[in-house]
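What the coordinates show
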Amino acid sequence: MLNNWLRGLFAATIGLTSLAVATSAWARDDADRATVGLDHNVALTGAFGFGDRFGTPGKQVIGRVEGGGYWMTSRFGNRGGVEGGAELGYDGLSQTPPGHMGQPSVLSNMLFDLWLGFPMTLLEFGEGSGRWFTTGLTPGMGFSDKHLYWYIKGKMAVRVGSSLTVEGSWQWTPFDASTTLGSFDDKPGSGLNLAILRTSVYYKLQSGRSLIFTLDWRQSNLESPNPAASGAALAAFADQTRFDSNVFLHMDKVRADNNVRAGIGYAW
Amino acid sequence: MQARSKSVFGSPAGTNRQAARFGCTRRQRTKLFLDVQSRRAGMSDSRATIVPHRLELNRVRQRLVALVLPVVLLLPGTMLPCAAWADSGFEMMRAYSTYIGTFGEFGRTEYGGGKLNPGTQSAYGFRYYERQGIITGTVTAILLAMGAAQEANSAKSVESHKSGNYVVTTTTYHSASERAAIMASGTAAAGAAASAKDQSFDLEIFSRNLGGTASGWRMNSYYGFPFWRMMFEFGLGLGSIDTALLVKGQSVYSSYAYWGMPMRLDYGGEFAWFFLEADWNFAGYGYRANLAPTVKGDALLLRSIDKLPWKLGVASSILGGRIFGEAVATTPGISSAEFAIKTTVGVRF
């Protein structure tokens, strides 16, 4: 899955960049409050999605608004703040998983997603409006038509020339941090293991605002522990120090999303 | 013994009343159930005897580690020249601090079967922690602002009277000046909540991706009231954690839910931080809080949620550049000699 190799890259990047201190804590001004790209606080985007869910192809049309700002500075010069957003749209992908696993979504073809995150910067080059490189990390929580979830997002933005900014982000919700809405009465409950890789290009207009072009790649699994299948774990149990001999090895797992979203928008 | 156990413990419908009738506590009943189930699972004699032995060894080792590790972490701060690396307990309590890292928790925990305490936890996961941060205040401010907006725009009074064949209902809404006053009051309260200095937030995601026995998440958000070198904190806690253990060869699956009010009394020492913590858990009330053990496949399912699990703890940390290490030892009772230790290694921002 998308997660497997990106997780290592993510951890290595966070580890390395967080050790450096490239910006003075005292050199902040209003231009440093931007959480969207390198220069903006609010963005409105429309996106068209295609791909498959549970192996059945379909399409999506989605509107997204997101925004936020930094307003705190740590003693290391990193900044912290709040970001949030909402998605609303038509979801033509399949809502019904094969087999006995419960349907995650509580809606049929409507899609919504609300989230609230707390971004912080890790490493930056340049100050104020001259900032040309930033990496950051955002823990957050969300609520969609499919699940309640926590997420962690890493992002990196680079200014290219005078009018282009390229931003890449990777967002991950592990199964453990997701509870699907359609499975509240099932024990043990099911969850989504969801990863989103997004590339955004900001083209700065003369007004100081930007056009945005985005491309998302989403992959998810619907997972649920299966205690009934733990007999194999008992058979494998020979050494108490082997922590892997438990029912969490025995997951009912099915591929859910594997799709792409292309969008265009405007940032203030 | 086996025939009696089968009638009492082999049924998913076993109740406290039955346990009382047979003269044993719930905890004893679970232990007996585990004994019976391990025999039923067709374990060889050698496994049935070796596994408990290993469990005991693990518990002894664990208690030793729980005692020794905090001392080892405290020593550099108190005796060695690298004392500057250690965070003082008081600073940990009163200064801005945010870190993200991984944690491991070992030993007796409230989410691993509650008072039934079927076995030893070894949980791993990701942790986000902040003191004097923004999350608790922001979420509270959003709720206060939403409440003020709801109050300002809802009906002030609704009166009905009968007039002939009709029921006439008169709804009165707040005037413009009243709405403005309510919103001003709500905004001021939201602003105060968001900017409160002594607030903290702790999120743990127990990840099976890192191994261990637990899967799920738990968060505590606090407002603090400092006095002298101490602080009283309380707030909101939520969580949902599933644990899977092997006890005497029996697969035990425990389901834990948490929503309630965490409370802590902290004392910031020179190089350590002591606390008494009680997490009042509203999920511990009601008929789903404590269910009789049931069998699903080869696993024993437990649900035992304590209403007010409390613990004494000591925490010590080391800060080297941005790398942050913390060890916490807790005990659920002074005389129980049962410990849990939690270690966190992360990056501080």
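Residues numbered from 1 in each chain as written. Chains lettered and ligands numbered in written order. Predicted model: local features only at pLDDT ≥ 70, side-chain atom pairs only at ≥ 80, totals over all residues. Heavy atoms only, no water.

Quick look at the overall build of chain A now. Helix and strand content of chain A: two helices and twelve strands. In chain A, the succession of helices and strands from N to C terminus is α-β-β-β-β-β-β-β-β-β-β-β-α-β. Per-residue burial over chain A gives 55% buried out of 268 residues. For chain A, contacts bridging at least 24 residues in sequence account for 66% of all contacts bridging at least 6. Summed over its atoms, the accessible surface of chain A is roughly 10900 Å², and 63% of this surface lies on carbon and sulfur atoms. (Helix = DSSP H or I, 4+ residues; strand = E, 2+ residues; numbered from the N terminus. Buried < 20%, exposed > 50% of the residue type's maximum accessible area, 1.4 Å probe, protein only. Contact = heavy atoms within 4.5 Å. Areas by Shrake-Rupley, 256 points an atom, 1.4 Å probe, with all protein chains shown as cover.)

Attention shifts here to the pattern of salt bridges. Overall, the coordinates contain 27 salt bridges over all chains when judged by the stated rule. Its salt-bridge partner being B:Glu233, residue B:Arg131 comes within 3.0 Å of it at the nearest N-O pair. Residue B:Arg131 is located in strand β2 (residues 121-131), and its partner B:Glu233 is located in strand β7 (residues 230-247); the two are separated by 102 residues in the primary sequence. Residue classification places B:Glu233 among the buried residues on the basis of a relative accessible area of 1%. For B:Arg264, the salt bridge identified is with B:Glu277, shortest N-O distance 3.1 Å. Linking B:Arg264 in strand β8 (residues 250-268) with B:Glu277 in strand β9 (residues 273-281), this pair joins segments that are 13 residues apart in sequence. This pair shows no difference in class: B:Arg264 is buried, exactly as B:Glu277 is. Residues joined by salt bridges that share partners form a network here, namely A:Arg64, A:Glu66, A:Glu87, A:Arg198, A:Asp216 and A:Arg261. (Salt bridge = Lys/Arg side-chain N within 4 Å of Asp/Glu carboxyl O.)

Let's shift gears to helix α7 (residues 176-195) of chain B. Residues and elements named next belong to chain B. Between its terminal C-alpha atoms α7 stretches 28 Å, which fits the 28 Å expected from 20 residues at 1.5 Å a residue. Buried within α7 are the following residues: Ile182, Gly186, Ala190 and Ala193. The arc that holds the buried residues of α7, viewed along the axis, is 70 degrees, so those residues lie on one side. When the buried face of α7 is taken as reference, the exposed residues oriented beyond 90 degrees from it are Ala176, Ser177, Ala188 and Ser195. On its buried side, α7 packs onto α6 (135-153), β5 (199-206) and β6 (214-227). (Expected span 1.5 Å × (residues − 1). Arc of directions from axis to C-beta.)

So, about the packing of α6(B) against α7(B). A pair of packed helices is captured by two measures, namely the crossing angle of their axes and the spacing between those axes. All names here are of chain B. With their axes 8 Å apart at the nearest point, α6 and α7 run at an angle of 170 degrees to one another. Between α6 and α7, the interaxial angle falls into the category roughly antiparallel. Between α6, through Gly137, Thr140, Ala141, Leu144, Ala145, Ala148, Ala149, Glu151, Ala152 and Asn153, and α7, the contact on the second element is made entirely by Arg179, Ile182, Met183, Gly186, Ala189, Ala190, Ala193 and Ala194. (Axes fitted to C-alpha atoms, helices over the stretch in contact; angles between N-to-C directions. Parallel < 35°, antiparallel > 145°, perpendicular 65-115°, else oblique.)

On to the nonpolar core, then. Judged by nonpolar contacts, the single largest core of 19 residues is most densely connected at A:Trp150, B:Tyr128, B:Phe201, B:Leu203 and B:Phe349. For this core, the elements supplying multiple residues, two or more each, are β5 (120-125) of chain A together with β5 and β6 of chain B. Tallying contributions element by element places β5(B) first for this core, with three residues. (Core = buried A, V, L, I, M, F, W, Y, C linked by side-chain atoms within 4.5 Å.)

Residues and elements named next belong to chain A. Along the chain, Arg218 turns up in strand β11 (residues 210-225). An unpaired buried charge is present at Arg218: no salt bridge exists, and Glu87, the closest side chain of opposite charge, is 4.0 Å distant. Arg218 has contacts with Glu87, Ala195, Ile196, Asp257, Asn258, Asn259 and Arg261, leaving out every residue within four places of it along the chain. (Lys, Arg positive; Asp, Glu negative; His and termini not counted.)

Turning our attention to the confidence of the model for chain A. Residues and elements named next belong to chain A. Model confidence for chain A is summarised by a mean pLDDT of 80, while 74% of its residues fall at 70 or above. Taken element by element, the predicted model of chain A shows its lowest mean pLDDT in helix α2 (residues 231-236) (46) and its highest in strand β1 (residues 42-53) (94). Residue range residues 232-245 is modelled with pLDDT below 50. Its contacts to residues more than four positions away, or to other chains, number 31 contacts. (pLDDT = per-residue confidence, 0-100.)

Here the focus is the packing of aromatic side chains. Residue and element names in this part refer to chain B. Overall, the coordinates contain 24 aromatic pairs over all chains when judged by the stated rule. Pairing Tyr256 with Tyr258 gives two aromatic rings, centres 6.4 Å apart and planes at 25 degrees, and the pair type is stacked. Under the relative-accessibility criterion, Tyr256 is labelled buried at 5%. Taken together, the ring pairs in this structure connect Phe103, Tyr111, Phe206, Tyr256 and Tyr258 into an aromatic cluster. The ring of Phe275 carries the charged tip of Arg264 above its face, separated from the ring centre by 4.2 Å. Above the plane of the ring of Tyr285 lies Lys307, whose end atom (NZ or CZ) is 5.5 Å from the centre. (Phe/Tyr/Trp six-rings, centres within 6.5 Å; stacked < 30°, edge-to-face > 60°. Lys NZ or Arg CZ within 6 Å of the ring centre and 35° of its normal.)

Attention now moves to a nonpolar patch on the surface. Residues and elements named next belong to chain B. A contiguous nonpolar surface patch, about 800 Å² in accessible area, is contributed by Phe225, Phe227, Trp228, Phe232, Phe234, Leu265, Leu276 and Trp310. Broken down by secondary-structure element, the contributors of at least two residues to the nonpolar patch are β6 and β7. By the secondary structure assignment, Phe232 is in strand β7. (Patch = residues over 30% accessible without salt bridge, like charges linked within 9 Å, V, L, I, M, F, W, Y side chains within 5 Å.)

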